[in-house]
Structures are given as structure tokens and as C-alpha cells.
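A structural walkthrough
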Amino acid sequence: MKFHYSKENLGPRQARLQRFLEILPGACSWGVLLGLVFLSIFFPFGAAILIVAFYLSWIMRVLYSTLFLVLSYLQLNIESNTDWLRRIQGIDNLGAYLEENAPKKFGRHWRQLISHKIHLRQLNGLKASKALPPASSGIYHLVIFPVIKEGSDILGPAVEAISSQSFPLKQMVIVFALEERALPPVQSAVCDLQRKYKEVFFDCFTVVHPAVVPGEARVKGANATCAAKQAALFFVNHQIPFEHVVISCFDADTVVSPNYFACLTYHFMVCPDRLHASFQPIPVYHNNIWQVPGFARVVETGSSFYQLIEATNPEKLVTFSSHSMSFKALVDVDYWPVDMISDDSAIFWKAYIHYDGQYQVIPMYVTLSMDVACADNWWQTVKSVYKQKQRWAWGVENFPIVIRAFLISKKIPLYEKLRHAFKLFEGHLSWSTSGFILSFIGWLPIIFARREFTASVVYYNVPYIANMIFTLASLAIGVTITLSLLLLPKTKIRYRWLIKLGHAFEWLMVPFILVFFSALPALHAQTRLMLGKYLEFWVTDKHRKK
Amino acid sequence: MLWLRKIVFYIFSLIYLILCPLIVARMLGFVINPLTHRLEKTGLVYISTNPPDATVYIDGRLGHQKTPTAIRDLTPGKHFIRIELSGYNDWERNIPVVGKKATVLANTLLVPEVWPIKMVSNKPYQNIINAGEDVLIATNPVLKDIDIFHTQGLQEHLFSKNSVYAAGLFVRLFNTPKSPFILLEANIKDKHKFLWINLNENPPLIEDISDLFAETPTLITWDNFDNENIFAFYPNYIYRINIKDKAIFPQNPASLPESLDQHPSRFPQEKFLINDKNTLLIREGKWIRIYPKEDFGGPQVYYIAKSRPSTNMYFEDKNGELFYLDDDTGYLFAAQILPNHPILNIPIPDTKGPIASNS
């Protein structure tokens, strides 16, 4: 479906609808919070019933998420030693490879057995689909790094990590998408890197994005789009079909694991509908994890866990942060939105609508590491983390556009529309309200209790039930702490066990983090959208000690 | 993984759909009677005791938790509750329980088998007067026999033996509840004296301000937080006396400080509402008694000790101690009425009185 994926240049009717849908999430969040406060004061019985029902749904969700967090972590662990290159070469000769490997037992370890079983299932699926991929030697990777203020200390390790890939480097093209308004030291760092890696990869070049382009906002998507358009010309000139190109748009601090592109190539090849797919790795924030305050460490580990949980549900998975996709799809949908901040999720919705629902996100159990938001001092880091979370929560800007598209689209099945719309809406609603209800509002019926309420069994039973539910939740916290310790980088640090023990205790800050670095920035973002005070792109502070 | 996720999702949804109404019903006081298989209304009894950690038996069955605790799922009607704590008398009552309601037994005072009473001083006194926070003045006719007691245990003489005032005779003592100053009226060598005494100093700082009083006032009082100005009340006028400047000013009665206590009680202090206002501590005749406020089992009276009539008693909230003069000897005694640590009631109940609707 041809759809103008933007809030700008709309007809009067669509503009009114857009504005209504912009108001809806914030209004509902405030409605829920203020409604519960109102009920707690004037109808405490009703509030207590709603709050207990919420607590119960929350704990079910926590336990459910914890279960899939563990399973997802196990799968990440299972695939950690997978020889992706060998598998890629296998797909190049699919028939013979399947015949040879189907009856074989790969290793004796349970992890190898499970990995092999998943692999065989994927190969059989590919064979059955008859949508065989191009030969791996003909697949090219385009990597775009949007740059505005990141110097060689941030960008250098990112490119270095790509140069250490197991996948052939001569099938990779690196593009630095440099903002014209970047300061001279940044520009010169990019030039140095380009020079250094020009011969290492198939090519490495810089595209300068003009400071002012009519119709564009000052957002990352505009810069990446400019670079991708130049890259498209490059592939045309080299007679490389877009169908054979996989694009990865990485934040400048993205350090990929050595097998990332081999893993990505495998998933691209094994996916029957590979031209209608994005590929989502698991983001971890290990680049500077020991250099940031404890709360920031917990916040970002929580973000990684969220992605791990989401990875188990490809039907509802939406692209997030650094990810990869078919270049053909990117060109078809006319690149990233040039006027939206949440380009990472917006590109999924844009493609989903463009292909009438025939677009999916394939989870990849491979990590890429980024920086935790970090500034010069503790308070600046607090502000930086808060602003970053607000920017993530600004993904709510997709809601009105997606709903407008769903209302117009006749080809996307109704069930799919309802499923996605509900998840999008409910996700943002619970993001901005759960923390407040769990931390404050849930206790209001008790705090504001009047004599009639204090004389009821409800008054005594609410804390009793809440206590039981929070005790259950502490089990989930225990699992989360264990996984966070397992997921931490294995780099050598002084007093490693002492520091890890300290990190375990940092999880006690979860109630505080839930409110101030999750619910509050989300509510802030929704309120801004509701009031029409649109967010401007703000580049996260990322500092690393040398 | 996707199919597993779907299966688990439906299982969890089913569990939620079943559990949620059951838990909400339970929260509202409804339980399924295992005998009749019907939904029945229940009530609960919330019990907190002073001291806490007591064992609760309801209808002869042992409760699961120590006090403070809420006993749930009780059928409407009377339930026999017994509270046991080692060293304390058992507390037994028939408590009415109403469906969907909470019967609150907040700060139930457990009476010790033997009241812990200690002798603070083995010297007889005429009276005790509370001065400032945690300070007791134990008075006697001769000034050298007046002692100061800090309720934490420290004792000292108000006047040293060598003091020029030591041989004087006690007449009256004025104080305000939170001021560290007292004003002592005494006869010293046949002269009527007014001594302004700062108890914050060690030894107490005594200043003779008799020159500021031309005649004997009926009442002297001052603001708790203003230790420079005192107000002397005479039958037809009031003076404000500035002690620092030694100056006397006529005072318009209409412009007296609002916080000034103009009518300090002339009666002995012998009645206290203690235990978060749930228990009355009172001296009736010679006997010090406590009356728990709850009325489920009819009025209950517990005897603590005998105190000299017409003397003051002092209840120290922080430590839960009652200071009094023994009736037989006039010695200063302290009885531990409440445990000397606060009770935490969770959830914080409204403890204005028994709540059950049929009580």
C-alpha cells in the first residue's frame, strides 16, 4: 500500500485524525493514573479491586517474561559457539548439505543438539519454500554509521569490530553518514577512518548530509537516508542487485561480535521471505558498562533483557536500535522517515504497511554491544539516561501514523491490525503507568482510607495480597540478577567478584528505576505528543575512559 | 519458541481469568465454604499487642503469625480469642466478627504477671513536678532536699549543700511543659524569694529575681520557647517581666501570646491516656489503675501500685514508664507500663476505637 508515513503534509481530515491519535495515548495514561487517584480517594473499594487485578496481571506478566527471558538467554547461549560460516556454505549447496547433515549428530552437548535441530528445521523450511537464496559469495553487506559528534574513540572500535568479522570483508561496504554540521575534529576523525579502512573492505566512503534540507527534520533517519541513497547509486554502478544487499544501520558506538555478519548472512539466506524482513540482534550495553553509575548499568541491562524477551515473539517483534534489513525493502519503502526521531521502529512500520502486512522481524541470537549513556558526572548521566529513555518512549509517535494506515489499509488482515494496534497502544500505556501504580498509586486506597474503608476486610487484605505478589516478583528479580551476572562481559577487571556482587545489589534500585527511568520519561514523551510539543532529536552522551 | 510462547500465554491467561475473580472475592471477604461449597461472607480480626510478638489462638486454634496480625476468613459471629505471651497474663475475649468487616484490636495492652517496678530513689519526697522534657523535680520542704531526676536515670541535687539557698523552705514551683526553666518560690532566711533556674546548665544556674516581684503573684507562667519574658498574674493586672533586662512592663491581657498556658492545672497530674490513646492510666484514691479502652469483654481494670494521693505522677511516653511517689514510703518509683520500643502496625489502622459494626 502506498502510504505517506509522516505526520506532515496531511489533508485536513487526516490531520485531524492524526492529532486525535496523538492525544489518545497520553490522555489514556493520564486518565488511568488520575482515575485511580480519584477512585482511591472517593471510591477506595473500586480502586482496591482494580489495583489488585492489576497487581495480579502484572505478576503474571513478570513470571511469563521471566520464563521467556531464561529461554531466550539459553538460546543465546546455545548459539554462542555456532559456526555460522560453515552453515552459510552449507546453504550454498542446500540439497547435498541437508542429505549429509540431516542424520548426523553434531556433538554430544545438549546445546549443540538443540542448535542443530533448530538449524535443520530452518533448512527444511527453506527447502520447502523453494525460495532459495543467492550464493553467499554474492551477498553484500552495507553498514551505515550516522555520525554527528562521535569521535574516533567511539567510532574507531565500531569499525575495528567489523574489520575483525569472520565473514569476507570484501563483501562489505562501510558508509559514514556524516552530518555537515559535525565539528571539524569529528570530520577529520571520519576521514582518517575512511582512509584506514578503504582497502580493507569492498569499499569505505563518507556521505555528507547537508545541514538544511527542505522537508527534513534534524533527525538521524534523514542522515541515514541520505547515505543509503548514495550507497544505492554505488550498488547500481557496481551492478550489484539490491536483492543481494543487506543493510545494517548502526549507532556509531555499535561494536558487533565477530560472527555478527556471518550470523546475519545465515538468517538472511535461510529466511524464505528474506526481502520482506528485518533482522534484529540482541543489543547489550557492554562498551563502557563498568564506567557508568550503577543505576545506568541496571537500566541498560533491563533494556537488553526486554529485547531478549521480545526475541521469543517474532510475530510481534519490532526493530529496535541497531539492526539490519533487506536493502531492497529499504529502497522499496523509500528509506527511513526523514522527519521522525524513532527511525528504528518507524522503518519496521513503514515496511509493514508498504508490504500490506507481509513484513517480519527475524530475531537473531547474536549480540552487538553499545555504550550506556554516560556524561561527565553523575547528575549529567542521570539527565542523559532520562533523555535517552524519553527518546525511546517517543516511539509513541508511530502510533497515530500506524493507526491511520491501518484504517486505510484493506489488505492487512483485521486480526493482524488489531493485534499490532493493541500491542502498540497497550505497550506504551503500561510503560507509562505500571511504574507509578506499583510504586505509589497502589498504596493510595490505604493512605487515603477513611473510617468506612478501614473497617472493611479489603483495607487489610490489599497489603496482604500485594505482599504475596511482591514476594513472588522477588523470585523474578532473583532470576534477573543471575542472568545479568551471566550476561556481563568476560573482560578482566580488578576485584571482579566484588564488583559483580555490587552489581547484584544494584538491582535493588529497580523500584526507583521503574519510576524515574521508565514510567516518568514515557509519560513525559506521551504528554509532549499529546500537547503537540514535538521532541527534537537529541544525541545521547557517550563517554568512555581511555 | 513461538508455539511455546503461545501455549504459555494461553495457560497464563487462563490462570489469570480463574485466579483474578477468586482473589478479588477473597479480598472482599468471600470464601468458598468447603462443607457447603457455597460462597460465604467472612470477616477478619486485626490484632496488634503491646508488647508485640504474642501468640494468638482463635476458637482454640493456633494462629499462624505473631502479633501484629490479621486473622482472615472468620465466619460472622462471636469468636473466642486468646493472646498469650510469656511473662504476661493471657488476654481472652469473645470478639464479634461481621461479614466483610474488620474488627480491630489495636494496641491491645498485655498485662504483665508482675508489674516491673523499680525504686528510683530511697529518699522520701513531698511531690514530683515535671519540668521540661524528661526532667522531674522531686520536692521537699527544705530546698537542699529537692532533687532533679532525668528520666534516663541521672540524679542530682537542685541546690548544693553549700548553697546560700540550701536551708530555705519550699513554697511553690512554676513550670511550663517544654521549657528547661523553672521558677521556684521559697522562703530564705525569712525573706520571700523568687529563683529563676536554668535546668539545662550543670549544675543548674540559679538567678534570684525577687526584686522583680513587689508582691506575690497568683500565677507565673511563660511561653515554652521564650525564656526571657515571664508573665506574672495579679488579681487586677498582669506584668510582663523581662528577666534579661530586669524590666517590668504592664501587660494588656488582650495581647498575651496565644500559646501561653494561662490556666495551668492546680490538680495533681494523675490521669494519662496512653498506648496510642487506647488505655487510660489513672490514680483513683491511692491505687494506680489502667483501663483498656476496648469494650468487648466489659470494662477491665488492672491494678499497678499504690501512690501517695494529691501528689503528681508523670508518664514518660518515650520509655513507657510511670513515675510516682510510693504511698507508704514517699520514695520515687518507676513502673514500666508499656514496652520501651514503638509498635509498628502494618497496615496502619484507624485506632480511634473498636470498629466492628455490631460492637
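Residues numbered from 1 in each chain as written. Chains lettered and ligands numbered in written order. Predicted model: local features only at pLDDT ≥ 70, side-chain atom pairs only at ≥ 80, totals over all residues.

**Observations concerning the overall build of chain A**
Of regular secondary structure, chain A possesses 20 helices and eight strands. Computed over C-alpha atoms, the radius of gyration of chain A comes to 24 Å, within 12% of the 24 Å expected from 2.2 N^0.38 for 546 residues, which places it in the range of a compact globule. Oriented by its inertia axes, the alpha-carbon framework of chain A measures out at about 80 × 60 × 50 Å. The burial tally for chain A puts 46% of its 546 residues in the buried class. (Helix = DSSP H or I, 4+ residues; strand = E, 2+ residues; numbered from the N terminus. Rg over C-alpha atoms; globule rule 2.2 N^0.38 Å. Buried ≥ 20, exposed ≤ 12 C-beta atoms within 10 Å, placed from the backbone.)

**Some remarks on the interface of chain A and chain B**
The interface of chain A with chain B comprises 29 residues on the first partner and 26 residues on the second. Put simply, the parts of the chain that give the side of chain A that touches chain B at least two residues each are helix H2 (44–78), helix H17 (451–454) and helix H18 (457–487) of chain A. Take the side of chain A that touches chain B: its biggest share by element is eleven residues, from H2 of chain A. Residues belonging to the side of chain A that touches chain B are distributed by class as follows: 21 nonpolar, six polar and two charged. (Contact = placed C-beta atoms within 7 Å. Nonpolar A, V, L, I, M, F, W, Y, C, P; charged D, E, K, R; others polar.)

**Describing the domain arrangement of chain B**
Parsing chain B into structural domains produces domain 1 (2–109) and domain 2 (128–255). Computed from C-alpha coordinates alone, the two centres of domain 1 of chain B and domain 2 of chain B are separated by 57 Å. (Domains from an automatic or database assignment.)

**A few points about the domain arrangement of chain A**
We note that the domain assignment places domain 1 (12–76 + 421–531) and domain 2 (82–129) within chain A. Using C-alpha coordinates to define each centre, domain 1 of chain A is positioned 42 Å away from domain 2 of chain A.

**Concerning helix H6 (residues 152–163) of chain A**
Residues and elements named next belong to chain A. Listed in full, the buried residues belonging to H6 are Ile154, Leu155, Ala158, Val159 and Ile162. Considered in projection along H6, the buried side chains sweep an arc of 110° and stay on one side of the axis. Buried-residue contacts for H6 involve strand E1 (140–147), strand E2 (172–179), helix H7 (184–197) and strand E5 (255–256). (Arc of directions from axis to C-beta.)

**Focus on the pairing of strand E11 (residues 127–130) of chain B**
Residue and element names in this part refer to chain B. Taken together, the four bridges between E11 and strand E12 (residues 135–139) define a ladder with antiparallel strand orientation. Looking at the pairing, isoleucine 128 lines up with alanine 138 of E12. Linking E11 back to E12 in an antiparallel pair, the connection comprises four residues, with glycine 132 at a positive phi of about 65°. (Pairing = 2+ DSSP bridges.)

**Overview of the environment of glutamine 112 of chain A**
As for its position among the elements, glutamine 112 of chain A is in helix H5 (residues 110–129). With 31 residues separating them along the chain, glutamine 112 of chain A and asparagine 81 of chain A place their C-alpha atoms 8.7 Å apart.

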